[in-house]
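The residues making up each chain are set out below.
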Amino acid sequence: MELVSTIRHDGDGGVLDDLETVRGTIRWLQRQPGLPAAATGDPVADEELRAAVVGVRRAVRALFARVVSPAPPSRADAHRLMPADEALALLNAAAAREPVAPQLHWPDEGPPAARLLSAEDDPGVRLVAALARDAVDFLSGPERERLRACHAPRCVRYFVRSHGRQEWCKPSCGNRARVARHYERTRAADPS
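(A) Layout of the overall build of the protein chain. Secondary structure summary: the protein chain contains six helices and six strands in total. Put simply, the protein chain runs from its N terminus to its C terminus through helices and strands in the order β-β-α-α-α-α-β-β-α-β-β-α. Seen through its principal axes, the protein chain has C-alpha atoms that stretch 70 × 40 × 30 Å. Going through the 192 residues of the protein chain one by one, you find that 37% of them count as buried. Relative to all contacts within the protein chain whose residues are 6 or more apart in sequence, the contacts with residues 24 or more apart total 54%. For the protein chain, the accessible area works out to roughly 11,500 Å², and carbon and sulfur atoms hold 53% of it. Computing the positive centroid from 28 side-chain charges and the negative centroid from 26, the protein chain places the two 9 Å apart.

Here it is as structure tokens:
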């Protein structure tokens, strides 16, 4: 969800892209604690890595649009969605770029835990593959059924619904939607 949320509204009716530049991509990567340490400690990002991360994001947003269908997708993507088969191919190829093997870690104190051991030396490949694997896990998991696109005015986010009546990603989006509906009702009632 963090990767998909790098496209957001700017507060003035436009859209901001946190990954628009290499510098913006580095800033975003540094704020992601769950990504491979080599990629987030002091990332060596360049245009090639930025483009690969953006490609995974485009694929995931296209697949999110497929999940929320027949409801409309996010307004940020509606006019430029990647075809679903192309998105699947891109996501699967990105996930497959890093050969990994599950390893069991069992400390003297505490429960055992599984982690992935990578055979990949390139931190950029590890980063893109980790983002793609996270998306695969989400899209094949139970939370997928609760995925929604926020349709509040100016919002372009996807969110996981936390309760049955949730319609917006944040309370502020709900407030904007209610204000917009009120404005439309009062405008329709006033013929002048």
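Now, onward.
(B) Quick look at the packing of helix α3 (residues 47-68) against helix α4 (residues 84-96). α4 packs onto α3 with a crossing angle of 135° between their chain directions and a minimal axis gap of 9 Å. As judged from the angle between their axes, α3 and α4 are oblique. The crossing of α3 and α4 is left-handed. Note on element contacts: α4 touches α3 through Ala84, Ala87, Leu88, Leu90, Leu91 and Ala94, opposite Gly55, Val56, Ala59, Val60, Ala62, Leu63 and Arg66.

(C) Representation of the environment of Tyr158 in the model. By the element assignment, Tyr158 lies in strand β6 (residues 158-160). Tyr158 sits in the buried class, given a relative accessible area of 3%. Here the alpha-carbon distance between Tyr158 and Ser74, two residues 84 residues apart in the chain, equals 7.0 Å. If we skip the residues at most four places from it in the chain, Tyr158 touches Met1, Val4, Arg61, Phe64, Ala65, Val68, Pro73, Ser74, Asp77, Leu147, Arg148 and Ala149.

(D) Highlighting the packing of α3 against helix α5 (residues 123-139). With their axes 10 Å apart at the nearest point, α3 and α5 run at an angle of 5° to one another. As the angle between them shows, α3 and α5 are arranged roughly parallel. Contacts between α3 and α5 pair Leu49, Ala52, Val53, Val56, Val60, Leu63, Phe64 and Val67 from the former with Gly124, Leu127, Val128, Leu131, Ala132, Ala135, Phe138 and Leu139 from the latter. Of the residues contributing to the contact of α3 with α5, the split by class is 15 nonpolar, one polar and no charged.

What counts, and where the lines are drawn
- Residues numbered from 1 in each chain as written.
- Predicted model: local features only at pLDDT ≥ 70, side-chain atom pairs only at ≥ 80, totals over all residues.
- Heavy atoms only, no water.
- Helix = DSSP H or I, 4+ residues; strand = E, 2+ residues; numbered from the N terminus.
- Buried < 20%, exposed > 50% of the residue type's maximum accessible area, 1.4 Å probe, protein only.
- Contact = heavy atoms within 4.5 Å.
- Areas by Shrake-Rupley, 256 points an atom, 1.4 Å probe, with all protein chains shown as cover.
- Lys, Arg positive; Asp, Glu negative; His and termini not counted.
- Charge placed at Lys NZ, Arg CZ, Asp CG, Glu CD.
- Axes fitted to C-alpha atoms, helices over the stretch in contact; angles between N-to-C directions.
- Parallel < 35°, antiparallel > 145°, perpendicular 65-115°, else oblique.
- Left-handed = near helix turned anticlockwise from the far one by under 90°.
- Nonpolar A, V, L, I, M, F, W, Y, C, P; charged D, E, K, R; others polar.

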